[in-house]
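# Summary of structural features
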Amino acid sequence: MPELPEVETVCRGLAPVLEGAAIARLTLNRKDLRFPFPPRFKARLEGKRITSLARRAKYLIASLDSGESLIMHLGMSGRFLIVRAENDLRTTTADFQHEAGRLLQHDHVVIETEAGDRIIYNDTRRFGFMDLADSAGLAQSRHFKAMGIEPLGNELSGETLARLFADKRTPLKAALLDQRLIAGLGNIYVCEALFRAKLHPEAPAGSLAGIDGAATDAATRLAAIIRDVLIEAVEAGGSTLRDFAHADGSLGYFQHRFRVYGREGEACAAQGCAGTVTRIVQSGRSTFFCPICQAKGRIRA
Ligand SMILES: [Zn+2]
């Protein structure tokens, strides 16, 4: 499943092609993805110009000059492929290799721009979706109104974590994955951030707040590390799905090296630590951590 850094990578890959582009034609090869397409979807997109492309949590938002926004979610296996106009020298060999290698039956949506570029949405498992909403009321629309803070935005700080988690008895890892508190953080990056911050995944989330509700050192450290972990992954081009293509149409997905995630039984990566990466299951999801680096007693450190 694409996590936030992958979606950010896709956003950055699509932006040069979509921003400023007019949608000449929209082809829908079926009536729905995970949900039906919105009413008059084709008519509301064709002839409109995309003024900007942004990401919020794991959503892509294309603002249109009609006053509406096209909201796109990649679900479990969604990906975009870009085929540049034939006379465009930027078309690379990789695009054609990818064209030949993928299953056309999963090309569900094709956006053709006035410039002749084609942006193809391919989704094998069809958990992704597209929707339209008024740009002015976007924050209050159904996809975003209950959404927590953006982990790569300015709001994420030790103080924010302390305020969001104060009095919570839920495990730290569960609180970090709660999309109503922080939106877009997934299992992999939460494991990595907790490892680097040396915090036990089962520690009560409320322990990040001091007695007076202020941020503990651990909260400040964790906020900075969450940002670092995500930025590093964005820079590496994302990682989770091996067959998840870069938005620019190139093949494959960057293999990011995780320090704990997926490394059960391996020696801890922290220098001088004799610990072994351990896997436990929390809320049905695997948690990887080092029981020595992330000893429970260290939460107030
Ligand atoms: Zn360790």
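The text that follows walks through the structure, step by step, so that each part is easy to find. Quick caveat, the model's predicted, so the values are computed rather than measured.

Parameters at a glance
Residues numbered from 1 in each chain as written. Predicted model: local features only at pLDDT ≥ 70, side-chain atom pairs only at ≥ 80, totals over all residues. Heavy atoms only, no water. Pairing = 2+ DSSP bridges. Helix = DSSP H or I, 4+ residues; strand = E, 2+ residues; numbered from the N terminus. Axes fitted to C-alpha atoms, helices over the stretch in contact; angles between N-to-C directions. Contact = heavy atoms within 4.5 Å. Phe/Tyr/Trp six-rings, centres within 6.5 Å; stacked < 30°, edge-to-face > 60°. Salt bridge = Lys/Arg side-chain N within 4 Å of Asp/Glu carboxyl O. Core = buried A, V, L, I, M, F, W, Y, C linked by side-chain atoms within 4.5 Å. Buried < 20%, exposed > 50% of the residue type's maximum accessible area, 1.4 Å probe, protein only. Polar contact = N/O pair within 3.5 Å; in protein donor to acceptor, adjacent residues only side chain to side chain.

One open sheet accounts for four strands, arranged β1-β6-β7-β5; its pairing is antiparallel. This sheet does not close on itself; its edge strands, each paired only once, are β1 (23–28) and β5 (78–83). Strand after strand, the sheet turns through a mean of 15 degrees between neighbouring axes, direction not considered. Here β5 pairs with strand β7 (residues 118–123) via six bridges, running antiparallel. If you follow Val83 over to β7, its bridge partner there is Arg118. Across the sheet, helix α1 (residues 4–18) touches β5 and β7, and the angle it forms with β5 is around 35 degrees.

Right, let's talk about the packing of aromatic side chains for a bit. Tallying each qualifying case throughout the model produces eight aromatic pairs. Seen from their ring centres, Phe80 and Tyr121 are 5.1 Å apart, and the 55 degrees between their planes marks the pair as tilted. Taken together, the positions of Phe80 in strand β5 and Tyr121 in strand β7 put the pair 41 residues apart, joining distant regions of the chain. Ring geometry for Tyr261 versus Phe288: centroids 5.1 Å apart, planes at 70 degrees, classification edge-to-face. Note that Tyr261 is positioned in the loop between α7 (217–236) and β9 (278–282) and Phe288 in strand β10 (residues 285–289), a separation of 27 residues in sequence.

Per the counting criterion, the structure on display carries 16 salt bridges. Across the pair Glu232 and Arg196 runs a salt bridge whose closest N-O atoms are separated by 2.9 Å. With a gap of 36 residues between them, Glu232 in helix α7 and Arg196 in helix α6 (residues 187–197) connect regions that are remote in the sequence. Where Glu266 meets Arg263, a salt bridge forms, and the shortest distance between an N and an O atom there is 2.8 Å. Linked through salt bridges whose partners overlap, the residues forming this network are Glu8, Arg12, Arg55, Arg56 and Glu150.

We now examine the nonpolar core. In terms of nonpolar packing, the biggest core is built from 32 residues, with Phe165, Leu176, Ile182, Leu208 and Leu222 touching the most fellow members. Residue assignment for this core shows that the elements contributing at least two residues are α4 (158–165), α5 (172–177), α6 and α7. If you look at the next biggest cluster of nonpolar residues, it comprises 29 residues, including Leu14, Ile23, Tyr121 and Met130.

The subject of this paragraph is the environment of Gly265. Its location among the elements puts Gly265 in the loop between α7 and β9. Judged by its relative accessible area of 54%, Gly265 falls in the exposed class. Separated by 25 residues in sequence, Gly265 and Cys290 have C-alpha atoms that sit 9.9 Å apart. With near-sequence residues (within four places) excluded, Gly265 lies in contact with Thr276 and Val277.

Further remarks concern the side chain of Asp131. By secondary structure assignment, the location of Asp131 is in strand β8 (residues 129–134). Overall, the relative accessible area of 11% leaves Asp131 in the buried class. Within the structure, the side chain of Asp131 is placed 2.9 Å from the side chain of Arg142, a separation counted as a polar contact. Setting aside anything within four residues of it in sequence, one finds Asp131 in contact with Pro38, Ser69, Leu70, Ile71, Arg142 and His143.

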